[in-house]
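Analysis of the macromolecular model
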Amino acid sequence: MKTAAEKIEIAKQLQAEINALQGLGKVTLEPVNIGLAPFAAAFPGNSFPTGTVHEFVSYEAPDAASTNGFITAIIGNLIRDGGLCLWITGDKKIFPYGLKHFGLKPDQIVFINASSPKEALWIIEEALKCEALTAVIGEVKELGFTDSRRLQLAVERSGVTGFIHRHCPRSENAVACTTRWKISPLPGCTESDLPGVGHTSWDIQLLKVRNGRPYTWQMGWLGNSFTPLAVKEIIALHNERHTG
């Protein structure tokens, strides 16, 4: 006769296997919360999904820049103990050395400039199949369901985590990605009410998450980690938006 604790452990193992089969990332019994604990409660098993594909959507230039910063901060946490990231883009807007601010060292990332959207999708898919990589960032405007399904199948085999940033897509169509996010900039937050530009801050919307629950956060990037903004800061930002 199994004890209650043993039954709970078996249930956890089965749920982890089910999550993996449903495209929620690698089978793991240990939460992947390295620096990502503020977001954990929104995901199955209280663990940020790795080995899957995350979709980000932006429309304005400030939102696109904030989205790239947020993705960089997540990947900086994922590969803080070693790893390599590939960034596929169609332009050269990213300043590599500036990524150190979000914990991603220049020698941990390789940029590839694709000549066309078709080429970008092909490179992204091939990169997601490469087990030597930890993460892949792909900047594409349009992503059909069939293409997204191929990307998801690739990470299910390799365990690589994919981040697809779609800037100004024609529509927010259905895709096979595990999550959909929207990131917007907030005025920089300061410590102890000191004057100055302040730290990077984001309004983070998790719009869709498979087997989890959508959520929103207001986060600042302080001390190389995600830090929830204090209630008074959130109220001040709300008032500034509605009176400015």
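Relevant structure appears above.
Residues numbered from 1 in each chain as written. Predicted model: local features only at pLDDT ≥ 70, side-chain atom pairs only at ≥ 80, totals over all residues. Heavy atoms only, no water.

Structural notes on helix α4 (residues 145-158)
Count 3.6 residues to each turn of an α-helix, and residues three or four apart come out pointing the same way. An ideal rise of 1.5 Å per residue puts 20 Å on 14 residues; α4 measures up with 20 Å between its terminal C-alpha atoms. Regarding α4, the residues found buried are S148, L151, Q152, A154, V155 and S158. Mapping the buried residues of α4 onto a view down its axis gives an arc of 160 degrees, with all of them on the same face. Seen from the open side of α4, the exposed residues pointing more than 90 degrees away from its buried face are T146 and R157. Here the buried face of α4 lies against β1 (53-58), α3 (117-128) and β5 (161-167). G159, located one to two residues past α4, shows a positive phi value of around 85 degrees. (Helix = DSSP H or I, 4+ residues; strand = E, 2+ residues; numbered from the N terminus. Expected span 1.5 Å × (residues − 1). Buried < 20%, exposed > 50% of the residue type's maximum accessible area, 1.4 Å probe, protein only. Arc of directions from axis to C-beta. Contact = heavy atoms within 4.5 Å.)

So, unusual backbone geometry
Positive phi, close to 55 degrees, is recorded for N46, a residue that is not glycine. Mapped onto the elements, N46 comes out in the loop between α1 (4-21) and β1. Looking at N46, the relative accessible area reads 43%, which means it is partly exposed. Its identity as a non-glycine residue notwithstanding, C168 has a phi of 60 degrees, on the positive side.

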